[in-house]
Each structure stands twice: as C-alpha cells, then as structure tokens.
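# Coordinates in review
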Amino acid sequence: FFVFFSVSMAGGDKKKKKTKKGGNNEEGKALMAKRIGYEDMTLMENMTLDGVLSNLKDRYVEDLIYTYTSSILVAINPYKRLPIYTDAFVKQYKGVRLGKLPPHIFAIAETAYTAMIQHERNQSVLVSGESGAGKTESTKLILQFLSARTGRSSGIDKMVLASVPVLEAMGNAKTGRNDNSSRFGKLIKIQFDDDYYIIGSTMEHYLLEKSRLIFQAPGERNFHIFYQMTNGMSKEDKERYSLREAEYYNYINKSGCMTVDGMDESKELQEFREALALFDITGDLEHQMFCILASVLHIGNITFKAEGEGCALDGPDAQKELEITAELLGLTAEDLLFAISKKEIKMRSEIITKPLNAEQARNQGDALAKHLYSVLFDWLVSQLNGCTHAETYKQFIGVLDIFGFEVFTKNSLEQFLINFANEKLQQFFNNQIFKLEQVIYEQEKIDWSIIEFKDNQECLDLIEQKRPPGIISILDEESKFPRATDETFVEKLTSNLSKHANFEIPRLSRGKFNVKHFAGEVSYEVDGWREKNRDELPEHMLRILGQSKNLFTAILYSPEEIADPKGITGKSPFARRQAKKEAAGRESPRAGVTSPRSGMTSPRSAVAVGQAAKKGASKLTLGTQFKNQLQNLMDLLGSTEPYFIRCVKSNPQKIPNNFDDKLIYDQLLYAGMLETIRIRRLGYPIRWTHEDFFKRFRVISPQVAQTKNFRECAEKLALTLDMNMPHGAQVGVT
C-alpha cells in the first residue's frame with residue numbers, strides 16, 4: 001500500500017546536546033528555543049520506560065512540558081502558567097507541519113485542522129489522563145488555537161470559549177487530586193463551513209457525577225456554583241433565594257472544605273453570569289436557574305424524625321426549609337412534603353399511598369436534589385448548543401475531554417462507569433496505534449516483528465457482556481427485583497464471575513468486589529448501586545413537579561410541549577430523555593392532570609394506573625444508558641482521524657517544579673506509552689503509494705524511466721537514492 005521509510009532517515013539518532021539559547025527578550029520564545037533531550041521519543045536509543053521517564057524529567061525541569069512520541073503528544077502538568085500560549089505562538093504554529101517546530105499542543109491542533117482540509121474528513125483529538133493531569137486546560141487551549149487560527153470571527157468561536165466558565169461552574173469541583181476537576185465528560189464538536197471557518201459547535205456530555213451533590217470526601221467540595229452562590233452573591237441576592245453561609249447547608253458542610261486557594265467566588269460568579277448572558281440566559285431566566293440551584297441546597301436541610309410508622313419534619317428549621325424549597329420550585333409545601341415523604345404502591349387497578357420512614361424520606365429528598373440538578377444541567381447544555389450549533393456544516397473537529405481513571409478510598413458506581421469508559425478509550429487507542437499498524441504491515445507484506453501489547457478485551461467483556469452476563473447485566477437484573485439487596489447483588493456477581501481472571505471478591509470484606517483494570521486493580525463498594533442504576537424519581541414526585549406553578553420547573557419536568565410565552569427553551573430535557581427510552585408506552589408522569597396550573601386535579605391524587613404499570617413497560621438503567629452512549633461515542637470516534645494527547649500529572653501535591661518519578665512512571669505504564677514508542681520506532685511512519693513516491697522524488701534521479709508499472713518504477717528509484725534497503729525503507733504491495 002505504501003513505500004515505507006524508517007524514522008532513521010530523518011536523522012537525529014544521536015542525543016541532542018543540552019543548550020540554552022540567549023539573547024531573546026521574549027520569555028516564551030526563549031523557553032521554546034531550548035533543545036533538551038529528545039523532542040520526539042521515537043528517536044531515543046534507550047527504549048525503556050526508565051529512559052522515557054528520564055527524558056521527560058530532563059525537559060520538565062526546563063519547563064518544556066510537551067514531548068512527542070511520533071504524532072502523540074505527552075503533556076506534563078506544570079501547575080504554573082507558562083508564556084507559550086499567546087497569539088504570537090498561534091501565528092508561529094499556523095501552517096507548520098508537525099515536527100518542524102518544538103512540541104506544542106498548538107501543533108496537534110494545527111495538524112488536525114490541516115488534515116481536515118486536505119483529507120476532507122472529520123478529525124478528533126482525544127485528551128486523556130487521570131484527574132488533575134490537565135485535560136480540561138488542554139481542551140481549552142485547543143479551542144483557543146482553533147478560534148484564533150481561522151482568522152475570521154463569526155462570533156461562534158467566542159461563544160465556544162465563553163461556555164467554559166458556565167460548564168466549569170456547574171460541572172467542576174475540587175477533589176483530592178484537582179482543584180478544578182471536571183466531574184463529567186464532554187465531546188465538543190467544532191463545526192466548519194465550506195471555507196473551513198468555524199461556523200458552529202455542539203457539545204455532548206457524559207455521566208455527570210450526581211452523587212457529589214450529596215456527599216464529598218474530606219477536603220473535597222461540591223460543584224463550584226454552590227460556593228459562588230453562598231460565598232459570592234450579594235446580600236440582596238442571597239436574601240432573594242433565602243441563602244445563608246455555606247457552613248449552614250448539609251450538602252456542602254460535611255467535608256470541612258469551603259474554599260479553594262486563589263479562587264475568588266464573587267469574581268467567578270460574575271464571570272458565570274456574564275457568560276450566561278451571551279447565551280440569552282438573563283433576567284427572569286437566570287433567576288429561575290438560581291431558584292432551582294438554591295432549592296437543591298435547601299432540600300439537604302429538610303430533615304426528618306421517626307413518627308409512628310412513618311416520619312415527620314424534624315423541627316421548625318426543617319419546616320422553614322420545606323417552605324423555602326416549595327416556594328422556589330413553585331409548589332405548595334404540602335405537595336412537596338407528600339413528594340418526599342410518601343410512596344405510591346400500584347396494586348392492579350388502584351394506587352395505595354404509604355408513608356416512608358425518616359431514612360427513606362431523606363434518601364428520597366436526596367434523589368430529588370440530584371434529579372433537579374441533573375435535569376437543569378441537561379437544559380443548560382441544550383441552551384448552549386441551541387445558541388452555537390450550525391444546521392449545516394462541512395466538517396468537524398471533535399475534542400474529547402473525559403474523566404481519567406479514578407481510584408478513591410471509596411469507589412462507587414460512578415467510579416466504576418468512569419473506569420469502564422477509560423477501558424473503552426484504551427482499547428480505541430490500542431486499535432488505532434497498535435492493531436491498525438500491524439494490519440497495514442501484514443497486508444503490505446512488510447518484514448517486521450509483531451510487538452506484543454496489553455489487550456483489555458477480557459476486562460471489557462467482564463463489564464459489558466450480555467451473555468454470559470457481565471457486571472452491568474447482572475446489576476440491571478438486580479435493579480429490577482424489589483427484594484434484591486446489596487448482598488444478593490454480590491452473590492450473583494460471585495456465582496457468575498468468580499472464575500474470571502479480572503474479577504475477585506476480597507476476603508473478609510462484605511459488599512465489595514475487585515476488578516483488574518488495564519490501569520490497575522480497583523476495589524468497588526456496592527452500597528446504593530441498585531438505586532443509582534434505576535436512575536429515576538417516583539412517578540408521584542414527577543407528577544407533582546410537572547404541576548408546578550413555576551413555568552420553568554414545569555417545562556423542565558414536562559414530558560410534553562408546554563406553551564412558552566417567555567421563550568424558555570423548547571422541549572424539556574425530561575421529554576428528550578423519555579423519547580430516547582427504548583421501551584415504549586410509559587405514561588406521562590402528569591397523567592390525570594387536566595392543566596399544568598389549573599388546580600382542577602391535585603398532583604397528590606392517585607391517578608388511574610396507566611401504561612407504565614403494564615407488564616413489559618420499562619426504562620433503560622443508568623448503566624445500560626451509559627454503555628450505549630459510550631458505544632455511540634466509540635463509533636463516532638472510529639469514523640474520524642484521531643489524535644491523542646496524553647496528559648500526565650507531575651506530582652500529587654499539585655505544586656510547580658516537582659517531578660514525582662513514581663507517579664509519572666505509573667501513569668506512563670498504564671497509558672501504554674512504552675508500547676507506543678516501540679512500535680513507532682520499529683515501524684516506518686512515512687508512507688507513499690508507488691505512484692506518488694515516484695512522481696514526488698523522480699526529480700532527484702531523472703534517469704529512472706517511467707513505465708506503467710509504478711511499483712517497478714518505485715523500486716528502481718529507491719535503489720538510486722541509497723535508502724539502505726530494507727532497513728531504511730521497504731517497498732510494500734501497493
């Protein structure tokens with residue numbers, strides 16, 4: 001298929017001397033002018049992970065944070081600002097082929113942009129790495145470059161960048177590893193017109209970490225927006241939403257961490273509001289958003305105590321919080337209390353209402369808070385997309401910023417799904433970099449040694465296989481059985497998977513199981529998995545929310561179109577979610593309600609049992625939804641030309657000028673970087689078809705005659721060029 005050249009033809013086999021260029025007044029240019037170690041690690045003589053680590057360290061201590069392994073970029077988080085992202089650097093990398101200038105994230109973005117034009121094919125840039133490695137900042141830098149690169153502003157490019165503070169406020173949080181960790185994954189598709197100017201963008205998001213709303217580990221925080229509201233709002237605004245200091249609220253006061261060093265909550269809130277305004281979220285619409293957000297905080301302070309067979313509000317403070325929350329959501333306090341503290345049981349043709357105990361009511365309140373925030377986040381993303389997407393476009397560049405592999409003290413369903421996503425992405429990386437390379441060489445009958453690498457298909461089968469059932473299928477089965485418990489879930493896992501090489505039940509540990517992932521072994525605690533997997537609110541609660549006098553709340557929860565005189569965005573996220581369910585026939589949660597705000601039918605009344613109660617009616621679980629969404633993402637990425645940026649966390653303390661050898665070594669090992677370097681170096685990265693090679697290089701040896709057999713022409717020409725066959729080059733089949 002190609003004429004292959006080895007990398008040695010490009011020169012540079014000898015290690016470059018360490019030099020420092022002086023005489024440049026511009027700090028950034030002087031920094032990038034340094035020549036330390038190997039800029040492209042495929043040229044290294046020491047092909048060990050220790051050698052790679054040493055090279056990265058030599059460059060890191062000189063603030064050279066970017067290094068190539070062929071076309072893959074390794075980016076080490078310096079935890080400080082470097083002067084290498086100005087407009088001058090955008091201009092410097094514009095139109096320059098990869099490798100001609102020092103390694104830089106702008107070079108990857110430029111390569112993707114150029115390939116999109118030349119190949120007329122969609123491109124993707126996969127930004128990966130563990131939490132705190134710098135994925136989100138890298139994504140922003142790619143967007144910054146593409147915005148400046150096109151040279152003509154349509155306003156969309158500015159809006160794409162303006163969406164960052166909105167998404168960070170609502171979707172990012174301080175974790176033990178990162179002060180600004182993205183707690184959701186996102187794929188941003190930058191859309192280009194026929195002239196390859198930015199014309200629009202859309203964003204798809206994955207697995208918002210809703211459990212963070214209820215619990216944060218010591219030293220961590222909830223989503224940024226809650227601290228911007230409690231610590232950054234004016235006195236008047238806080239009174240408007242009945243807000244007090246952050247320490248008062250149960251959802252954010254348990255971790256002991258209320259602030260982030262260097263973060264001005266008032267300034268962050270101002271930037272958030274200014275960004276919202278660019279997307280037509282102002283005035284009353286912004287107010288309604290803050291009503292939902294404030295209600296989430298207040299729900300956490302609606303506490304209960306045992307009373308008889310059920311429960312009651314735990315004192316006047318809880319009553320006050322109930323009334324505040326109800327007002328913010330446009331409900332009566334009685335209806336909201338009914339929604340949180342009662343359950344409905346469907347018995348053939350009737351519905352029986354039963355009280356919940358105090359713990360169950362608290363859990364149902366938590367479920368409401370998580371659902372409100374999730375639906376609002378969906379709506380917000382829809383609003384952003386509605387302002388930026390293009391109806392028609394020629395090509396796109398997708399930038400994937402998705403959660404890194406996570407191992408915490410307690411790993412729940414969220415970490416399991418996050419690590420499942422990383423397994424999928426690692427397989428995609430393997431397929432692109434390793435398997436496809438091998439297939440090409442074998443097809444072309446090129447003499448080379450097959451390089452072995454870790455394959456994680458067995459782990460993926462353990463997680464997602466349907467028959468025999470994997471972990472997600474077993475979880476789905478247990479989520480459907482009313483009498484199932486955490487213990488029965490673990491028992492089924494054990495009976496089905498105990499012989500699997502990647503699965504283990506730890507001794508003397510109840511409610512836990514271990515998975516041997518590509519990146520290491522992780523212990524998961526199954527507490528609450530079945531409830532999280534069901535991912536739904538009780539129908540009586542949905543019915544009450546859809547009956548809200550607050551138009552915004554009603555639209556968010558309506559499964560139907562509601563007249564929208566104030567211009568609140570189209571169909572609700574809840575309606576879109578319902579439409580995506582594979583199972584048909586689920587009745588509207590607002591069944592029996594004659595008008596959203598007429599009051600003719602009480603939302604607490606027991607409506608007739610509809611289609612939702614019929615046998616066979618069901619909804620997709622959280623695990624299955626995520627599995628399907630992830631497969632769609634893989635299919636989309638597979639249709640593009642991918643580029644990879646491997647972000648690396650330099651040290652756990654998140655301080656500058658600190659290179660933690662062990663931490664970085666482990667990250668490189670888990671990321672498969674050593675195998676990448678080997679295969680690139682042993683292979684032939686420069687490839688031409690016989691005809692293209694002959695026509696391009698014949699000028700060097702014009703004595704070689706052209707015939708109809710271009711393979712023969714290419715072979716003769718290659719011999720005249722002294723290419724050290726077959727070591728320097730080989731001729732393939734085509």
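Look up a bit, the structure's there.
This text gives an overview of the structure that appears in the document. Worth saying up front: this structure is predicted, and the values here are computed from it rather than measured.

Next up on the list: the sheet that holds strand β14 (residues 503-504). Pairing within the open sheet is antiparallel, and its three strands lie in the order β14-β15-β16. At either end of the open sheet lies a strand with only one pairing partner, and these are β14 and β16 (520-525). In this sheet, β16 lies alongside strand β15 (residues 512-517) in antiparallel orientation, the contact comprising six bridges. Bridged to histidine 517 within β16 is glycine 520.

Following arginine 467, the chain continues to proline 468 via a peptide bond in cis, the omega torsion being -10°. Structurally, proline 468 is set in the loop between α15 (457-464) and α16 (471-480). We note that aspartate 535 has phi near 50°; this positive angle belongs to a residue other than glycine. Its place among the elements puts aspartate 535 in the loop between α18 (529-534) and α19 (539-546). A positive phi angle, near 60°, is found at asparagine 657, a position not held by glycine. Tracing the backbone shows asparagine 657 in the loop between β17 (641-648) and α23 (661-670).

Another aspect to go through is the packing of helix α6 (residues 156-171) against helix α9 (residues 265-278). Packing of α6 against α9 leaves a shortest axis separation of 9 Å and a crossing angle of 130°. Classified by the angle their axes make, α6 and α9 are oblique. As for how α6 packs across α9, the hand of that crossing is left-handed. Side by side, α6 and α9 meet where Met159, Ala162, Pro165, Val166, Ala169 and Met170 of the first sit next to Glu271, Phe272, Ala275, Leu276 and Leu278 of the second. Within the contact of α6 with α9, the residues separate by chemical class into ten nonpolar, no polar and one charged.

Let's shift gears to α23. When α23 is considered as a whole, its buried residues turn out to be Ile664, Asp666, Gln667 and Leu668. Near the N-terminus of α23, the side chain that reaches the backbone nitrogen of lysine 662, with its oxygen 3.3 Å away, is that of aspartate 660.

In this structure, Ile225, Phe272, Tyr373 and Ile645 are the most contacted members of the largest nonpolar core, which totals 123 residues. Among the elements that take part in this core, helix α13 (residues 358-388) stands out by supplying 13 residues, more than any other. Leave out the neighbours within four places in its chain, and isoleucine 225 touches Ala169, Met170, Phe272, Phe290, Leu293 and Tyr373. Membership of the second largest hydrophobic core comes to 66 residues, among which are Leu43, Met44, Phe489 and Met634.

Criteria and cut-off values
- Residues numbered from 1 in each chain as written.
- Predicted model: local features only at pLDDT ≥ 70, side-chain atom pairs only at ≥ 80, totals over all residues.
- Heavy atoms only, no water.
- Pairing = 2+ DSSP bridges.
- Helix = DSSP H or I, 4+ residues; strand = E, 2+ residues; numbered from the N terminus.
- Axes fitted to C-alpha atoms, helices over the stretch in contact; angles between N-to-C directions.
- Parallel < 35°, antiparallel > 145°, perpendicular 65-115°, else oblique.
- Left-handed = near helix turned anticlockwise from the far one by under 90°.
- Contact = heavy atoms within 4.5 Å.
- Nonpolar A, V, L, I, M, F, W, Y, C, P; charged D, E, K, R; others polar.
- Buried < 20%, exposed > 50% of the residue type's maximum accessible area, 1.4 Å probe, protein only.
- Polar contact = N/O pair within 3.5 Å; in protein donor to acceptor, adjacent residues only side chain to side chain.
- Core = buried A, V, L, I, M, F, W, Y, C linked by side-chain atoms within 4.5 Å.

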